[in-house]
Amino acid sequence: DAKTTQPPSMDCAEGRAANLPCNHSTISGNEYVYWYRQIHSQGPQYIIHGLKNNETNEMASLIITEDRKSSTLILPHATLRDTAVYYCIVRVNLGGGADGLTFGKGTHLIIQP
Amino acid sequence: DTEVTQTPKHLVMGMTNKKSLKCEQHMGHRAMYWYKQKAKKPPELMFVYSYEKLSINESVPSRFSPECPNSSLLNLHLHALQPEDSALYLCASSQPGQGSSSYGYTFGSGTRLTVV
């Protein structure tokens, strides 16, 4: 799986858009970008994933650059409940796969009231 | 049912005790996982079961013994643990080869283990 780089922490004001960057300059053509988050003392939660095109669901939007070397997760209207560690993971899409997810250090997003 | 259920939520055990962690899912997933997470660190993969067979063991000490009695259940048997084994133990499940499933891996809330 390609290596990812994320800032260790970010702050965002409640109600504003939170933009979380991820660099994955060694991503290969068959690797997807996945985002998970982990709220304190809970299990990681799937947010969104994408290959080339931008993706949107009820939780977030994922913007992937044209060269696919970086991406941004956008939480459009952050709330206090979005305070969590956000993990960007690059891997071949095996669907659920059977080889486990490898987590990097992630970004600790703190939403300020 | 779209959940992975882990019991107990909290466990305190002595170094000479034997205990077990339990994980259950009824989503029909055929791959199940154990992760260990120390404070302020990302989860680390310990074991993977695929179709009830152990497929990955990430060089975990033998004092941790996994068991998959059927496709819905995953246990982690603990014996002679050390205080440094205190951590959050997470269980997850997935469906191998599901293509571009939007769900990927589903995690439980974990068991907070303290070894005294």
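Here is a short report on the structure shown in this document.

### Focus on the sheet that holds strand β5 (residues 55–56) of chain A
Residue and element names in this part refer to chain A. Spatially, β2-β7-β6-β5 is the arrangement adopted by the four strands of the open sheet, whose pairing is antiparallel. The two strands at the open ends of the sheet, each matched to only one other strand, are β2 (18–23) and β5. The sheet contact formed by β2 and strand β7 (residues 70–75) spans six bridges and is antiparallel. Residue Asn23 lies in a different strand from β7, and its bridge partner there is Ser70.

### A look at the pairing of strand β6 (residues 53–57) of chain B
Residues and elements named next belong to chain B. Judged from the four bridges that link them, strand β5 (residues 44–50) and β6 form a sheet pairing that is antiparallel. Looking at the pairing, Val48 lines up with Ile56 of β6. Hairpin connection, β5 to β6: the antiparallel pair is bridged by two residues, and Tyr51 has positive phi, about 50°.

### With respect to the state of the cysteines
Enumeration over the complete set of coordinates arrives at two disulfides over all chains. Two residues, Cys22 of chain A and Cys88 of chain A, share a disulfide whose sulfurs are 2.1 Å apart. Taking the torsion about the S-S bond as the criterion, the Cys22 of chain A to Cys88 of chain A disulfide, at about -80°, is left-handed. Within this pair, whereas Cys22 of chain A is found in strand β2, its partner Cys88 of chain A is found in strand β8 (residues 84–92), the two being separated by 66 residues in sequence. Using a relative accessible area of 0% as the deciding quantity, one classes Cys22 of chain A as buried. We classify Cys88 of chain A as buried; its relative accessible area is 1%. Disulfide pairing places Cys23 of chain B opposite Cys91 of chain B at an S-S distance of 1.9 Å. Residues Cys23 of chain B and Cys91 of chain B are joined through a disulfide that is left-handed, its torsion about the S-S bond being -70°. Taken as a pair, Cys23 of chain B in strand β3 (residues 18–25) and Cys91 of chain B in strand β9 (residues 87–94) lie far apart in primary sequence, 68 residues in all.

Rules used throughout
All residue numbers here refer to positions counted from 1 along the written sequence of the relevant chain. Written order determines the labels here, with chains lettered from A and ligands numbered from 1. In keeping with the predicted nature of the model, local features appear solely for residues at pLDDT of at least 70, side-chain atom pairs appear and are counted solely at 80 or more, and the whole-chain, interface and lining totals rest on all residues. Values shown for side chains rest on all heavy atoms present in the structure; no hydrogens or waters enter the calculation. Here, a strand pair is defined by DSSP locating no fewer than two bridges between the strands. Going along the chain from the N terminus, every DSSP run of H or I of four or more residues is numbered as a helix, and every run of E of two or more is numbered as a strand. Any two cysteine sulfur atoms within 2.5 Å of one another count as a disulfide. Think of it in three bands: with a 1.4 Å probe and only protein chains considered, a residue is buried below 20% of the maximum accessible area for its type, exposed above 50%, and partly exposed in between.

Bear in mind that shape data such as this cannot, by itself, settle questions of function.
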